[in-house]
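# Structural overview
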Amino acid sequence: MMYHPEKYAIADERMKPFIDESEIWGFISQTKPTKERVREVIAKSLDKNRLSLEETAVLVNVTDTELIEEIKQGAKTLKEKVYGKRIVLFAPLYVGNFCTNNCKYCGFRTTNRKQVRTTLTDEQLVKEVEALEESGQKRLILVYGEHPKYNAQFIADSVRTVYQVKKGNGEIRRVNINAAPMDIEGFKTVHEAGIGTYQIFQETYHRETYASVHLSGKKADYNYRLTGLDRAQEAGIDDVGIGALFGLYDWRFEVLGLIRHVNHFEACYNVGPHTISFPRIKDASEYEIVDKYRVSDEEFTRLVAILRLAVPYTGLILTAREPMEIRQEIMSFGVSQIDGGTKIEMGAYSKKEEDQNLDKEQFKINDNRSLGEIIDELLDKDYIPSFCTACYRTGRTGEHFMEFSVPGFIKKYCTPNAMLTLAEYMEDYATSEVKAKGIKVIEKNLAEMEDDTIKKNLVERLTKIRAGERDLYF
Ligand code: SAM
Ligand code: SF4
């Protein structure tokens, strides 16, 4: 479907494309990152205020290595001050890789004849979910190519199927979606299936670049994609995720594009997006992107620190596209979610180990560790791995905002819930070594708890989990 301005933009101001490139470039070219100004901007964020486009532009313009270090340190301080020690874990599940679009960076592009095309049957989907549950996963993001096969009803049906799968003590408690934008009716259909977040990445906010990498298919329509999540809002999905694919255009422009997108949501719906993703482009079968805008490791970690400071209350998602070392640094900036045990080959969770084969995948991943290995490492680094889905299930929407702005929210809900879901994981899936580390981390965090009532309630629930009860939360 093409974008019809007469249907959306005129009928509803909120559906207007809101990116003004000259405004963004104006901020980038006119702001000067003097030492005083940069420190002022960092201090504003550490005071728990979101940054304006102009202030974000100050940070993206910094080239002085000392000041870059101060930006990164600022992000670390913000994380320590606000977010506590938990990291939420999830896994992506590819449901179908047929695609009618021609995105020059993606292994699923329609012109890629080498790509092995599959759509999981219901039976295969159930098997995949069982395998994921048996590894301990509780939160999934379902991923689809864009194809008439994967219409709203198909997506809604697959979500319902996933929720129904129960293996042992396993169950999936939150299903998020990464799929093409829909019309309002389509979003309503998917919403009714009980999804968590609907993610759509704009890839690049720069129109000319967008046109040059999206050669054909529905996705070639920049405006239809840009306003996709507005239609989702209109359909009642207020939990949405935005993202940019770094490496297509100047990363400074994309960071400001993301912040502009957040502003748009806050202005129109009084709530920003739930999460921001920042995939960095990786090799893929039939990949055709020039290196001009490739983002170095240093620039990448810097831009994530800037995002953290610019929107201190928005969830940040980091994926296995990035290698372990980069993941470790970025986690210290307050990333809220990472994927663990990721396999992106279709049907791979229920299969035996296989080498990566780019002709069966969308792109190359760089962190191939199992969920158990990732949890082991998180525990070593003093994080609390979490599978918490409590806010979503108790109707506490906008949890990232509440974590940030409601005093004591993290101590009252997030940390105890992280400990409860970790305890479940330890009982049901952990090796004895990981279990021993988990027990230590839980004990340490219990000892640090200041509120005796919360502590008492938590200890009661932890005892119940050891006795076999599941799914306990605050
Ligand atoms: N087909 C839907 C779409 O394009 O929105 C949803 C799924 S798509 C498979 C998910 C995301 O993967 C895209 O939005 C893009 O940002 C990312 N992606 C595609 N090719 C990539 C590559 N070579 N490296 C890293 N990320 C990539
Ligand atoms: Fe299709 Fe999405 Fe890949 Fe583009 S990024 S080719 S729309 S699967």
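Residues numbered from 1 in each chain as written. Chains lettered and ligands numbered in written order. Predicted model: local features only at pLDDT ≥ 70, side-chain atom pairs only at ≥ 80, totals over all residues. Heavy atoms only, no water.

Further remarks concern unusual backbone geometry. A positive phi is found at Glu203, a non-glycine position, where the angle reads about 70 degrees. Structurally, Glu203 is set in the loop between strand E6 (198–199) and helix H8 (207–213). Positioned with a positive phi, Asp382 is a non-glycine residue whose angle comes to about 75 degrees. For Asp382, the location among the structural elements is in the loop between helix H14 (371–380) and strand E11 (384–386). Since its relative accessible area comes to 29%, Asp382 is described here as partly exposed. (Helix = DSSP H or I, 4+ residues; strand = E, 2+ residues; numbered from the N terminus. Buried < 20%, exposed > 50% of the residue type's maximum accessible area, 1.4 Å probe, protein only.)

Here strand E7 (residues 240–243) shows no split at all, with Val240 and Ile242 on one side and Gly241 and Gly243 on the other all buried. Relative to strand E8 (residues 275–277), E7 runs parallel, the two sharing 3 bridges. Paired with Ile242 across the bridge in E8 is Ile276. Viewed along the sheet, the connection from E7 through helix H11 (residues 251–269) into E8 turns out right-handed. (Pairing = 2+ DSSP bridges. Right-handed = clockwise from strand over helix to strand, strands pointing away.)

This brings us to the site of ligand 1. For ligand 1, the set of nearby residues contains 20 residues, the closest of which are Tyr105, Glu203, Lys219, Arg225 and Gln362. Separating a nitrogen atom of ligand 1 from a backbone N or O atom of Tyr105 is a distance of 2.8 Å. Tyr144 has a polar backbone atom sitting 3.0 Å from a nitrogen atom of ligand 1. Considered on its own, ligand 1 offers 560 Å² of accessible surface; in the complex 96% of this is hidden by protein. Partitioning the shell around ligand 1 into residue classes produces 11 nonpolar, 3 polar and 6 charged. (Near = heavy atom within 4 Å. Polar contact = N/O pair within 3.5 Å; in protein donor to acceptor, adjacent residues only side chain to side chain. Areas by Shrake-Rupley, 256 points an atom, 1.4 Å probe, with all protein chains shown as cover. Nonpolar A, V, L, I, M, F, W, Y, C, P; charged D, E, K, R; others polar.)

With that out of the way, let us pick up the domain arrangement of the chain. Here the chain is described as being made up of domain 1 (81–345 + 356–393) and domain 2 (401–466). Put simply, the middle of domain 1 and the middle of domain 2, counted by C-alpha atoms, are 27 Å apart. Contact with domain 1, which involves 29 residues of that partner, is made by 23 residues of domain 2. Carbon and sulfur atoms supply 63% of the area that domain 1 and domain 2 bury against each other, a total of about 2,300 Å² over both sides. At the boundary of domain 1 and domain 2, one finds 5 salt bridges. The partner of Asp376 in a salt bridge is Lys437, with the nearest N and O atoms 2.5 Å apart. At the boundary of domain 1 and domain 2, one finds 9 residue pairs in polar contact (both at pLDDT 80 or more). The set of elements that each furnish at least two residues to the side of domain 1 that touches domain 2 consists of helix H4 (65–83), helix H5 (122–135), H14, E11 and helix H15 (390–394). (Domains from an automatic or database assignment. Contact = heavy atoms within 4.5 Å. Buried area = accessible area lost by both parts, 1.4 Å probe. Salt bridge = Lys/Arg side-chain N within 4 Å of Asp/Glu carboxyl O.)

Quick look at the packing of helix H17 (residues 409–428) against helix H19 (residues 452–466) now. Angle between the axes and distance between the axes are the two parameters that describe a pair of packed helices. Contact geometry of H17 with H19 gives a least axis separation of 10 Å together with a crossing angle of 15 degrees. Looking at the two axes, H17 sits roughly parallel to H19. As for the relative orientation of H17 and H19, their crossing is right-handed in sense. Seen from H17, the contacting residues are Lys411, Lys412, Pro416, Met419, Leu420, Ala423, Glu424 and Glu427; seen from H19, they are Ile454, Leu458, Arg461, Leu462, Ile465 and Arg466. Its residues assigned to classes, the contact of H17 with H19 comprises 8 nonpolar, no polar and 6 charged. (Axes fitted to C-alpha atoms, helices over the stretch in contact; angles between N-to-C directions. Parallel < 35°, antiparallel > 145°, perpendicular 65-115°, else oblique. Left-handed = near helix turned anticlockwise from the far one by under 90°.)

Take helix H1 (residues 21–30) next. Taken together, the buried positions of H1 are occupied by Ile24, Gly26 and Ile28. Those residues of H1 that are buried lie in contact with helix H3 (53–60) and H11.

Attention now moves to the side chain of Asp230. Tracing the backbone shows Asp230 in helix H10 (residues 228–234). Polar side-chain contacts of Asp230 include one of 2.6 Å to the side chain of His264. Those residues in contact with Asp230 that sit more than four places away from it in its chain are Arg14, Met15, Phe18, His264, Phe265 and Tyr269.

Inspection of the region around ligand 2 gives Cys99, Asn101, Cys103, Tyr105, Cys106, Phe108, Arg109, Gly145 and Lys219 as its neighbouring residues. Taken together, the residues of the shell around ligand 2 sort by class into 5 nonpolar, 2 polar and 2 charged.

As a further point, take H19. For H19, which comprises 15 residues, the first-to-last C-alpha distance of 21 Å matches the rise-based estimate of 21 Å (1.5 Å per residue) to within 8%. Contacts made by the buried residues of H19 are with H17 and helix H18 (432–448). A side-chain oxygen of the first residue of H19 lies 2.9 Å from the backbone nitrogen of Thr453; this N-cap is Asp451. A positive phi of about 115 degrees marks Gly468, the residue just after H19. (Expected span 1.5 Å × (residues − 1).)

The next subject is the environment of Ser45. As for its position among the elements, Ser45 is in helix H2 (residues 35–46). When the C-alpha positions of Ser45 and Cys388 are compared, they lie 27 Å apart, and in sequence the two are 343 residues distant. Once residues lying within four places of it in the same chain are set aside, the contact partners of Ser45 are Leu51, Leu78, Leu309 and Pro312. A distance of 2.8 Å separates a polar atom in the side chain of Ser45 from the backbone oxygen of Leu309.

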